[in-house]
Amino acid sequence: MARKRRKVAKRKRQLDQSPQEVLVKALNHPVRVKALTILTERTASPKEIAAEIEAPLSNVSYHVRVLDELGLVEIREEESVRGSVAHFYRAVERPLIHNPDWEKLSPRVRSAFSSYVIETLMSDAANSLQAGLFDQRDDRHLTRTPLRLDERGWRKVTAIQIKALDGILKEQEAAAARLDRAGEEGMNVIAGLLCFEALPPPEPEQH
């Protein structure tokens, strides 16, 4: 039987919830975290997600609908299958939470959010490497810098990163305006910023 798959116009939803409230509802269940991670990477149906994470379809469908209601995913395509319609979702590109809201989150939700961001970032990098894009440019940035800081140094470094992110987002707006004037599409780019407390280095072996 032939299957017809069609794209669906993006739906705009106005939510009367803060990013923090949306985040808590989205990440307080592991199935939603896994589904959101997958849908950040690609378009997928609840059936495909259920097969990948080995969870019951009815359970996954419910949690994907919750993400849709929260405005974090949207239906991008529909496919007619044996008289029914299969929906294919994709994550909505938008910030989930602002830094001042972080202290309001429980440790469990913080951990879920961090896992979601790190897993997505690692997947982005792996896909770029596999496609031969990661090292294609000789001016791409990649650093790992172990530091030893006091509390004042920690606050200053994180403040520097927040300021850098603000500058990056402003440049994105400027680039969008230039691309629009030039009628060009531009390039897809991932900018990642991390700063976290790490385990101490291992003690040298005594001989």
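Residues numbered from 1 in each chain as written. Predicted model: local features only at pLDDT ≥ 70, side-chain atom pairs only at ≥ 80, totals over all residues. Heavy atoms only, no water.

1. Notes on the pairing of strand β3 (residues 84-91)
Both faces of the sheet carry side chains from a regular strand, because those side chains alternate between them.
Then, number 1: By the bridge criterion, eight bridges tie strand β2 (residues 73-81) to β3 in an arrangement that is antiparallel. Bridging from a neighbouring strand, Glu-79 pairs with Ala-86 of β3.
Then, number 2: Where β2 folds back on β3, the antiparallel hairpin that results is connected by two residues, among which Arg-82 adopts a positive phi of roughly 50°. (Pairing = 2+ DSSP bridges. Helix = DSSP H or I, 4+ residues; strand = E, 2+ residues; numbered from the N terminus.)

2. Notes on helix α2 (residues 30-41)
Then, number 1: Between the first and last C-alpha of α2 there are 17 Å, a value that for twelve residues agrees with the 16 Å anticipated at 1.5 Å per step.
Then, number 2: Burial runs high along α2: nine of the twelve residues are buried.
Then, number 3: By the burial criterion, the buried members of α2 are Val-31, Arg-32, Val-33, Ala-35, Leu-36, Thr-37, Ile-38, Leu-39 and Thr-40. (Expected span 1.5 Å × (residues − 1). Buried < 20%, exposed > 50% of the residue type's maximum accessible area, 1.4 Å probe, protein only.)

3. Some remarks on the pattern of salt bridges
Close approach of charged atoms allows side chains with opposite charge to pair.
Then, number 1: If you walk through the whole model with that rule in mind, you get six salt bridges.
Then, number 2: Look at the salt bridges and you will find they share partners, linking Glu-41, Arg-42 and Glu-52 into a network. (Salt bridge = Lys/Arg side-chain N within 4 Å of Asp/Glu carboxyl O.)

4. Considering helix α6 (residues 151-182)
Then, number 1: The end-to-end C-alpha distance of α6 is 47 Å, a good match for the 46 Å that 32 residues give at a rise of 1.5 Å each.
Then, number 2: Immediately beyond the C-terminal end of α6, within one or two residues, lies Gly-183, with a positive phi of roughly 70°.

5. Quick notes on the layout of surface pockets
Then, number 1: By volume, the second largest pocket is sized at about 390 Å³.
Then, number 2: If you list the elements that add at least two residues to the lining of the second largest pocket, you get α3 (46-53), α4 (57-69), β2 and β3.
Then, number 3: Per-element tally for the lining of the second largest pocket: the top contributor is β3, with six residues.
Then, number 4: Its residues assigned to classes, the lining of the second largest pocket shows eight nonpolar, four polar and five charged. (1 Å grid on protein atoms, 1.4 Å probe; cavity = no way out; pocket = protein on both sides within 12 Å on 5 of 7 lines; lining within 4 Å. Points joined across faces, edges and corners; volume = space filled by probe spheres on them. Nonpolar A, V, L, I, M, F, W, Y, C, P; charged D, E, K, R; others polar.)

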